[in-house]
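Inside the fold
Residues per chain are reported as follows:
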Amino acid sequence: MTEISDSLRLLFETSVEDEGDRYTVAIPPELVENGSIETGTSYRVALLAAEEDEQTETAPAQEAPSSVSRADPAPSHEQGPPVEEGEVRTVSIDTLGDQGDGIAKVERGFIVIVPGTKPGDRVEVEITDVKETVAFAETVGEATVR
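A separate point is the layout of surface pockets. Taken as a whole, the second largest pocket spans an internal volume of roughly 200 Å³. In terms of lining, the second largest pocket is formed by Glu-30, Glu-33, Asn-34, Gly-97, Asp-98, Gln-99, Asp-101, Ile-103, Ile-113, Val-134 and Phe-136. Of all the secondary structure elements, the ones that give two or more residues to the lining of the second largest pocket are α1 (29–33) and β10 (134–139). For the lining of the second largest pocket, a count of residues per class yields four nonpolar, three polar and four charged.

A contiguous patch of negative charge, built from Glu-13, Glu-30, Glu-33, Asp-98 and Glu-132, is present on the exposed surface. Here Glu-30 falls in the partly exposed class, since its relative accessible area comes to 35%.

A separate point is the pattern of salt bridges. Scanning all chains against the criterion turns up five salt bridges. Salt-bridge contacts for Glu-87 lead to Arg-89; the nearest nitrogen and oxygen are separated by 2.8 Å. Among the residues examined, Arg-89 registers a relative accessible area of 16% and is labelled buried.

Attention now goes to the side chain of Asp-121. Looking at the secondary structure, you find Asp-121 in strand β9 (residues 121–130). Take Asp-121: its relative accessible area is 3%, and that puts it in the buried class. Here the side chain of Asp-121 touches Lys-118 through a polar contact of 3.0 Å, landing on its backbone nitrogen. In this structure Asp-121 touches Val-91, Ser-92, Ile-93, Ala-143, Thr-144 and Val-145, once residues within four positions along its chain are discounted.

We now examine the confidence of the model for the protein chain. In low-pLDDT regions, the fine details of the predicted coordinates are not to be read closely. Of all residues in the protein chain, 73% have pLDDT values of 70 or greater, and the mean over the chain is 76. Long-range and interchain partners of residues 52–77, a stretch whose pLDDT sits below 50, account for 72 contacts in this model, where long-range means more than four residues apart.

With that settled, consider the nonpolar core. As a rule of thumb, nonpolar side chains are buried together in soluble globular proteins. Of all hydrophobic cores here, the largest spans 13 residues; its most connected members are Val-91, Val-112, Val-114, Val-125 and Ile-127. For this core, the secondary structure elements donating two or more residues are β6 (88–96), β8 (111–114), β9 and β10. With three residues, the top contributor of residues to this core is β9.

The rules we used
Residues numbered from 1 in each chain as written. Predicted model: local features only at pLDDT ≥ 70, side-chain atom pairs only at ≥ 80, totals over all residues. Heavy atoms only, no water. 1 Å grid on protein atoms, 1.4 Å probe; cavity = no way out; pocket = protein on both sides within 12 Å on 5 of 7 lines; lining within 4 Å. Points joined across faces, edges and corners; volume = space filled by probe spheres on them. Helix = DSSP H or I, 4+ residues; strand = E, 2+ residues; numbered from the N terminus. Nonpolar A, V, L, I, M, F, W, Y, C, P; charged D, E, K, R; others polar. Patch = residues over 30% accessible without salt bridge, like charges linked within 9 Å, V, L, I, M, F, W, Y side chains within 5 Å. Areas by Shrake-Rupley, 256 points an atom, 1.4 Å probe, with all protein chains shown as cover. Salt bridge = Lys/Arg side-chain N within 4 Å of Asp/Glu carboxyl O. Lys, Arg positive; Asp, Glu negative; His and termini not counted. Charge placed at Lys NZ, Arg CZ, Asp CG, Glu CD. Buried < 20%, exposed > 50% of the residue type's maximum accessible area, 1.4 Å probe, protein only. Polar contact = N/O pair within 3.5 Å; in protein donor to acceptor, adjacent residues only side chain to side chain. Contact = heavy atoms within 4.5 Å. pLDDT = per-residue confidence, 0-100. Core = buried A, V, L, I, M, F, W, Y, C linked by side-chain atoms within 4.5 Å.

The following block contains the structure:
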């Protein structure tokens, strides 16, 4: 299994599309909508194939959606969300989402949305719903400002 660094800011699954003279990596719209990725910003992108080998290829930084040069597939092993429903953990709220909910990032940049919190809060939460790229949580203790 490919070792994924805890310093990774974001991890999601997508496909590479052949557009004739270039290839496009589709960025899920919710990652732009919730502020994980900003258009007009350059990113370093690592591509990990869904096969068993454990090599990685780094593509040039591009705007979302990213265009990448042709490269041999970079095999890896799939990894799911780093949180589970019912799990209790302490998170730090980094920013606010469009709906005013607090947003925390945990391992691999995975997003946890926590209503009723604000940037700077450090709060104990219970994960209530887990999706492929985001989880939702409710506070189970008082927020402390870091």
